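Coordinates in review
Given next are the chains, with one letter for each unit.
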Amino acid sequence: MSIDQSTAAKVAKLARIKVEEDALPALASEFNTILGFIEQLNEVDVDGVEPMVSVTPMRLKRREDVVTDGNQQDKVLANAPDAREGFFAVPKVVE
Amino acid sequence: MLDLTYDTPKVKTIAGAKHDWELVIGIEVHAQVSSNAKLFSGASTQFGAEPNSNVAFVDAAMPGMLPVINEYCIEQAVRTGLGLKADINLKSAFDRKNYFYPDLPQGYQISQLYHPIVGEGEVLVEMGDGTARLVRIERIHMEQDAGKSIHDMDPNMSFVDLNRTGVCLMEIVSRPDIRGPEEAAAYIAKIRQIMRYLGTCDGNMQNGNLRADVNVSICLPGAYEKYQETQDFDYLGTRCEIKNMNSMRFIQQAIEVEARRQIAIVEGGGTVDQETRLYDPDKGETRSMRSKEEAHDYRYFPDPDLLPLEIEQAWVDDIAAGLPELPDEKKARFIADFGLTDYDASVLTAEVESAAYFEEVAQGRNGKLAANWVINELFGRLKKEDHEITDSPVSPTQLGGIIDLIASDAISGKIAKDLFEIVYTTGGDPAEIVDARGMKQVTDTGAIEAALDEIIAANPAQVEKAKVNPKLAGWFVGQVMKATGGKANPKAVNQLVAQKLGG
């Protein structure tokens, strides 16, 4: 598998990261290096091996169903570029 | 085992210009778990709060914040799975579904694509005419809800409220086993009913706590059966997904409108594009959400912030042991124990509160009589004022008291209706009201006979006619009832009239 410039541009767009046109060849090339490494890993036979998700044997931590947070509208909105009447105000998005 | 058996409902067909077409429908129900706190944060799920007040930094996706799962939400997903007779997966996992939208601050939704907590199940969907469809459930997974965008408060801006962000949803995915708009509505109603019995989701569609995405495709008669044999989707038409509907009426309209649109395309020689569409109830049409199509490259991957979710069989067994009686079982029991008709049992078990009310009334009494009074008098009266059963001014004990008075022949059915109205509007103990107001029916045959004799004496011509035409006996019954202020026992009056005139 090989990543061309238009695929690199698409990935950048999906991630909402602005990449200038002239930076695309280098980006595509970096992607290809990474994918090349992955392909190398794919050569290892892992049939019957359970994926390891954590280096220590841990159980997913649970929480009780109790309200312990919230009521901090001012803090939540503090970093918003624009907020009105308790809402985040963003450029119009309509279907 | 349930001894209720049903025929399969007829498949809905729509006549095109060239052929008759059948519908094939699969539904994703999004049900909000009725928890106090959100799925991964300690913020409240309360509806209608000040904007952005039920928001923890986790929900606002502040850097460095980590999700911690709410155990109660896991339990409700398991309960729902058990209620739908589904397999529970002791090991499931969370994935990130990546997309950008202003009401999704994380830039991804935490969901369970690859390893859902609940696997295959099934639900029996009764159509109310003695037929029922068995709909297979493919899976149920947990996921986060998004926030709410408001577009009409400002001409140039959209306003975003994150109160709903991160609330736990259960997505219940059906197989394409639903074959018409009415079946689709009945399916959603059944899922809603089961969840309300379980207490896992309040089913409030108006508040958006229950929404549905509906997948619709069309096929020629015979094609669906080939799909059933082979499970090969190639036999079916290309489907379109109508997103985010929270009204039973609109869901039915949308399915019909969308099916007709697809039929017109296919019969005109075109092909249906697989896409997401929105239903516009004002225009009565579905339209493409092309703007979102491009974003539909979700790049799912396992969420590195969350370990796999492992639960123990013993815990699942405990939950199973604590499940309430479910609608199908309750209905079967009502039919068997109280001698109710299928229809009456369906009406009484539609809402868990109605079923509980009925059972309290019927306990130790005639079940059919209790059902008639609950359905015809009480439900009718409540509906008139748009009241729920939980707001009923007449308690089960009071209604039971009225029924006891009828059963013991203390009052007639007609007087009982007056008594019901008094209890409904002013309250009180039915037996005391009957005593205080002298509503007891006259069963003393002497008194009835005296009244009847008087009427016979005063109307010799009527008596002669009645001897020729027995149907006229009714006139005498009416006169006696009138003379006794409606309190004479109708059975006794009928008997006496028949004796006197026939003799």
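Relevant structure appears above.
Described in the following lines is the structure provided in the data block. (Residues numbered from 1 in each chain as written. Chains lettered and ligands numbered in written order. Predicted model: local features only at pLDDT ≥ 70, side-chain atom pairs only at ≥ 80, totals over all residues. Heavy atoms only, no water.)

**Examining the sheet that holds strand β16 (residues 301-302) of chain B**
Residue and element names in this part refer to chain B. Strand order in this open sheet of 3 strands is β6-β5-β16, and the pairing throughout is antiparallel. Here the strands that pair on one side only, and so sit at the sheet edges, are β6 (108-111) and β16. Pairing of strand β5 (residues 95-98) with β16, which is carried by 2 bridges, proceeds in the antiparallel orientation. Looking across to β16, one finds that Arg96 is bridged to Phe301. (Pairing = 2+ DSSP bridges. Helix = DSSP H or I, 4+ residues; strand = E, 2+ residues; numbered from the N terminus.)

**Remarks on the interface of chain A and chain B**
The interface of chain A with chain B comprises 41 residues on the first partner and 56 residues on the second. When the two sides are added together, the surface that chain A and chain B hide from each other amounts to roughly 4,100 Å², 56% of it contributed by carbon and sulfur. When the shortest N-O distance is used, the salt bridge between Lys10 of chain A and Asp297 of chain B registers 3.2 Å. Joining chain A to chain B, the criterion identifies 26 residue pairs in polar contact (both at pLDDT 80 or more). Taken together, the elements giving at least two residues each to the side of chain A that touches chain B come down to α1 (5-14), β1 (62-63), α3 (73-77) and β3 (87-91) of chain A. Sorting elements by how many residues they give to the side of chain A that touches chain B places β3 of chain A first, with 5 residues. Of the strand pairs in this sheet, β1 of chain A and strand β3 (residues 69-70) of chain B are connected by 2 bridges, and their pairing is parallel. Opposite Arg62 of chain A, over in β3 of chain B, you have Ile69 of chain B as the bridge partner. (Contact = heavy atoms within 4.5 Å. Buried area = accessible area lost by both parts, 1.4 Å probe. Salt bridge = Lys/Arg side-chain N within 4 Å of Asp/Glu carboxyl O. Polar contact = N/O pair within 3.5 Å; in protein donor to acceptor, adjacent residues only side chain to side chain.)

**Comments concerning the pattern of salt bridges**
Residue and element names in this part refer to chain B. Under the counting rule described, the total for this entry stands at 42 salt bridges over all chains. For Glu353, the salt bridge goes to Arg196, with nearest N and O atoms at 3.3 Å. One end of the pair, Glu353, is in helix α9 (residues 352-362); the other, Arg196, is in helix α2 (residues 181-198), and 157 residues separate them in sequence. Judged by its relative accessible area of 30%, Glu353 is partly exposed. For the salt bridge of Glu256 with Arg260, the shortest nitrogen-to-oxygen distance reads 2.9 Å. (Buried < 20%, exposed > 50% of the residue type's maximum accessible area, 1.4 Å probe, protein only.)

**Considerations on the sheet that holds β3 of chain A**
Spatially, the 4 strands line up as an open sheet ordered β2(A)-β3(A)-β10(B)-β9(B), and their pairing is antiparallel. This sheet does not close on itself; its edge strands, each paired only once, are β2 (83-84) of chain A together with β9 (148-150) of chain B. Here β2 of chain A runs beside β3 of chain A; their pairing, made up of 2 bridges, is antiparallel. Looking at the pairing, Ala83 of chain A lines up with Phe88 of chain A of β3 of chain A.

**Section: helix α4 (residues 248-267) of chain B**
In this model, α4 of chain B (20 residues) spans 29 Å end to end at C-alpha, consistent with the 28 Å of a helix rising 1.5 Å per residue. Positive phi appears at Gly269 of chain B, one or two residues downstream of α4 of chain B, with a value of about 90°. (Expected span 1.5 Å × (residues − 1).)

**Considering the environment of Ala93 of chain B**
Residues and elements named next belong to chain B. Looking at the secondary structure, you find Ala93 in the loop between β4 (91-92) and β5. For the pair Ala93 and Phe379, spaced 286 residues apart in the sequence, the C-alpha separation amounts to 46 Å. Ala93 has contacts with Ser111, Gln112, His115, Pro308 and Leu309, leaving out every residue within four places of it along the chain.

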